[in-house]
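Close look at the chain arrangement
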Amino acid sequence: MGRITASRKQLKPDPQHGSLLAAKFINYLMLDGKKSTAQRVFYDALDVIKERVPDEEPIEVFTQAVENVKPAIEVRSKRVGGAAYQVPMQVNRTRQQSLAIRWILMAVREKKGRPTHLKLADELVQAFNREGTAMTRRENVHRMADANRAFAHFAW
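The present account deals with the structure reproduced in this document. (Residues numbered from 1 in each chain as written. Predicted model: local features only at pLDDT ≥ 70, side-chain atom pairs only at ≥ 80, totals over all residues. Heavy atoms only, no water.)

In terms of regular secondary structure, the protein chain is built from six helices and two strands. What you see in the protein chain, going N to C, is helices and strands ordered as α-α-α-β-β-α-α-α. Structurally, the protein chain occupies a C-alpha span of about 55 × 45 × 30 Å along its principal axes. For the protein chain, buried positions account for 39% of its 156 residues. Residue pairs in contact within the protein chain that sit at least 24 positions apart in sequence constitute 59% of those at least 6 positions apart. Carbon and sulfur atoms make up 49% of the accessible area of the protein chain, which amounts to about 9,600 Å² in all. (Helix = DSSP H or I, 4+ residues; strand = E, 2+ residues; numbered from the N terminus. Buried < 20%, exposed > 50% of the residue type's maximum accessible area, 1.4 Å probe, protein only. Contact = heavy atoms within 4.5 Å. Areas by Shrake-Rupley, 256 points an atom, 1.4 Å probe, with all protein chains shown as cover.)

The following block contains the structure:
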């Protein structure tokens, strides 16, 4: 018998917006099992986004920001005849989403000296506008995949 794992089937939509993506993001944001703290940080960030981008719905800004950060292609190591090649490969939908969320949170946690909800709001607004640290990370991954296009024939 397999263990019970945190999967799509168990994920409940977040209480305020009914969004599965927001619930997933809150779970990634959570540290030490403190979900209420993670929810407060997330919803405070959405309130800040509401002030900064008044013509858009904050949950839409968040959703679009995650969409913008999602990578379409990445490089994976593949050993062929004793040599390891960086082979560009398509990224499936669930991995795209988890990478995007991870990169946004990594960018937020790298910044120091301000409350997390403000840093999160900054990063989400920047990602919405296709700029910022998380978008830079995505561009680097795409650039690396483009540079290693010659090894694409190893992707089987």
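Once the structure has been displayed, the description carries forward.
On to the nonpolar core, then. In this structure, Phe25, Phe42, Phe62, Val69, Ile104 and Leu120 are the most contacted members of the largest nonpolar core, which totals 36 residues. Within the residue set of this core, elements represented by two or more residues are helix H1 (20-29), helix H2 (35-52), helix H3 (58-69), helix H4 (93-110), helix H5 (116-128) and helix H6 (133-147). Among all residues touching valine 69, those that are not within four sequence positions of it are Ala100, Trp103, Ile104, Ala127, Ala134, Met135 and Arg138. (Core = buried A, V, L, I, M, F, W, Y, C linked by side-chain atoms within 4.5 Å.)

Once that is clear, we can look at the packing of aromatic side chains. Tallied over the full model, the rule gives five aromatic pairs. Here the aromatic rings of phenylalanine 42 and tyrosine 43 are separated by 5.6 Å at their centres, their planes lie at 65°, and the arrangement is edge-to-face. Take phenylalanine 42 and tyrosine 43: they sit in the same class, and that class is buried. Ring centres of tyrosine 85 and phenylalanine 151 lie 4.9 Å apart, and the angle between their planes is 40°; this geometry places the pair in the tilted category. Remark: phenylalanine 151 occurs in the segment after H6 and tyrosine 85 occurs in strand E2 (residues 83-90); sequence separation between them is 66 residues. (Phe/Tyr/Trp six-rings, centres within 6.5 Å; stacked < 30°, edge-to-face > 60°.)

Not every positive phi belongs to a glycine, and aspartate 32 is a case in point at roughly 55°. One non-glycine residue with positive phi stands out, namely arginine 130, at about 60°. Since its relative accessible area comes to 54%, arginine 130 is described here as exposed.

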